[in-house]
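Residue-level structural notes
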Amino acid sequence: EAAATAAQATLRFYRTRAEQARVKDPHFVASASYTLAETLRLRSEAIEIPLAAVAQQHEVLESRAQLLLAAQRAYFDTIRLTDAYWASAAGYRIGAMYDAFWQEIMGAPVPPPERSMTTEELDIYREAYRRRLAELVSPLTRHAIRYWELTLDMVDRTGVDSEWTERIRRELAEVRGRLLPRADAAGSGPQQRGAPPKSTSSAM
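Now for a look at the structure at hand. (Residues numbered from 1 in each chain as written. Predicted model: local features only at pLDDT ≥ 70, side-chain atom pairs only at ≥ 80, totals over all residues. Heavy atoms only, no water.)

**Remarks on the overall build of the chain**
Counting its regular elements, the chain contains six helices and zero strands. Across the chain, helices and strands are ordered from the amino to the carboxyl terminus as α-α-α-α-α-α. Counting across all 204 residues of the chain, residues that qualify as buried make up 44%. Residue pairs in contact within the chain that sit at least 24 positions apart in sequence constitute 77% of those at least 6 positions apart. (Helix = DSSP H or I, 4+ residues; strand = E, 2+ residues; numbered from the N terminus. Buried < 20%, exposed > 50% of the residue type's maximum accessible area, 1.4 Å probe, protein only. Contact = heavy atoms within 4.5 Å.)

**Quick look at the pattern of salt bridges**
Using the criterion set out here, one finds 11 salt bridges in the structure. Here Glu149 and Arg176 are joined by a salt bridge, their closest N and O atoms 2.6 Å apart. Taken as a pair, Glu149 in helix α5 (residues 119–158) and Arg176 in helix α6 (residues 163–186) lie far apart in primary sequence, 27 residues in all. Take Glu149: its relative accessible area is 32%, and that puts it in the partly exposed class. Judged by relative accessible area, Arg176 falls into the partly exposed class, the value being 43%. We note a salt bridge from Arg169 to Glu166, for which the minimum N-O separation is 3.1 Å. (Salt bridge = Lys/Arg side-chain N within 4 Å of Asp/Glu carboxyl O.)

**Overview of the nonpolar core**
Tyr75, Tyr98, Ile105 and Trp148 are the most contacted members of the largest nonpolar core, which has 52 residues in total. Broken down by secondary-structure element, the contributors of at least two residues to this core are α1 (2–15), α2 (27–45), α3 (54–80), α4 (84–106), α5 and α6. Per element, the largest residue contribution to this core is 12 residues, and it comes from α4. Residues within four places of Ile105 in sequence aside, it is in contact with Ile49, Leu61, Arg130, Leu133, Val137 and Leu140. (Core = buried A, V, L, I, M, F, W, Y, C linked by side-chain atoms within 4.5 Å.)

**A closer look at the environment of Thr16**
Relative to the helices and strands, Thr16 is located in the loop between α1 and α2. Owing to a relative accessible area of 65%, Thr16 belongs among the exposed residues under this scheme. Reaching out from Thr16, the side chain makes a polar contact with the backbone oxygen of Arg12 at a distance of 2.7 Å. Engagement of the side chain of Thr16 in a polar contact is seen with the backbone oxygen of Phe13, the distance being 3.4 Å. (Polar contact = N/O pair within 3.5 Å; in protein donor to acceptor, adjacent residues only side chain to side chain.)

**A closer look at the packing of α2 against α4**
Direction vectors running N to C along α2 and α4 enclose 10°, while the axes themselves pass 10 Å from each other. Here α2 lies roughly parallel to α4, going by the angle between them. Facing His27, Ala30, Ser31, Tyr34, Glu38, Arg41 and Glu45 of α2, the residues of α4 in contact are Trp86, Ala89, Ala90, Arg93, Met97 and Ala100. Residue composition of the contact of α2 with α4, grouped by class: seven nonpolar, two polar and four charged. (Axes fitted to C-alpha atoms, helices over the stretch in contact; angles between N-to-C directions. Parallel < 35°, antiparallel > 145°, perpendicular 65-115°, else oblique. Nonpolar A, V, L, I, M, F, W, Y, C, P; charged D, E, K, R; others polar.)

**Topic: α5**
Compared with the 58 Å implied by 1.5 Å per residue over 40 residues, the 57 Å span of α5 between its first and last C-alpha is a close match. At Leu136, α5 is deflected by roughly 45°, the largest bend along its length, and proline Pro139 occurs up to four residues later in sequence. Backbone geometry just after α5 places Gly159 at a positive phi near 75°. (Expected span 1.5 Å × (residues − 1). Bend = angle between axes of the 7 residues up to and from the residue.)

**Let's talk about the side chain of Ser44**
Within the secondary structure, Ser44 sits in helix α2. A relative accessible area of 2% means that Ser44 is categorised as buried. For Ser44, the residues in contact, after removing those within four places along its chain, are Arg64, Leu67 and Leu68.

**A word on α1**
With 14 residues, α1 should reach 20 Å at 1.5 Å per residue; the first-to-last C-alpha distance of 20 Å fits that figure. Taken residue by residue, α1 has Ala4, Ala7, Leu11 and Tyr14 as its buried positions. Looking straight down α1, one finds that the buried residues subtend no more than 90° of arc, so they occupy a single side. In α1, the exposed positions that point more than 90 degrees away from the buried face belong to Ala2 and Arg12. In this fold, the buried residues of α1 make contact with α2. (Arc of directions from axis to C-beta.)

Written out as structure tokens, the structure reads:
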């Protein structure tokens, strides 16, 4: 909260400067914008998906997605300030944020079935649920890939390389490697017996 307050104060100072007294170096302004985005991301990632019915899980996912989108807007604001270092950091975080959301959803507890099941039926239900869920949340992985690729394009144009660039290249290769196998797995398997949460807002 203290970091968010300080970042917001910095951004207000920047935005309310008279034209003849504009801040010329965007580095520290971009740093403040990035900090604000980070506080929103951390608030989103602090929301845990409970072991609950589908409708309850969907409400939690919706709350998390709204904060994710707010963080994304703040990262975009950072990129628009055109400081190459903080723009690459923001680009990395956008992709990483979508990837983290994907991992959180895929690792969330499976909602209990609506009727009693045998052990064998329960195993089939859980497997079908996970497969269907993988189909529904695959756009999150594609979002991560897209934003990382756009960030690498920006880095190529500016010529400014950093630790963020290395992280993007490493994690982009990992995400690309798992996308196709998961898509194949999601397309073959038993039919689902329960509906996973619907896509959450425009984050999906």
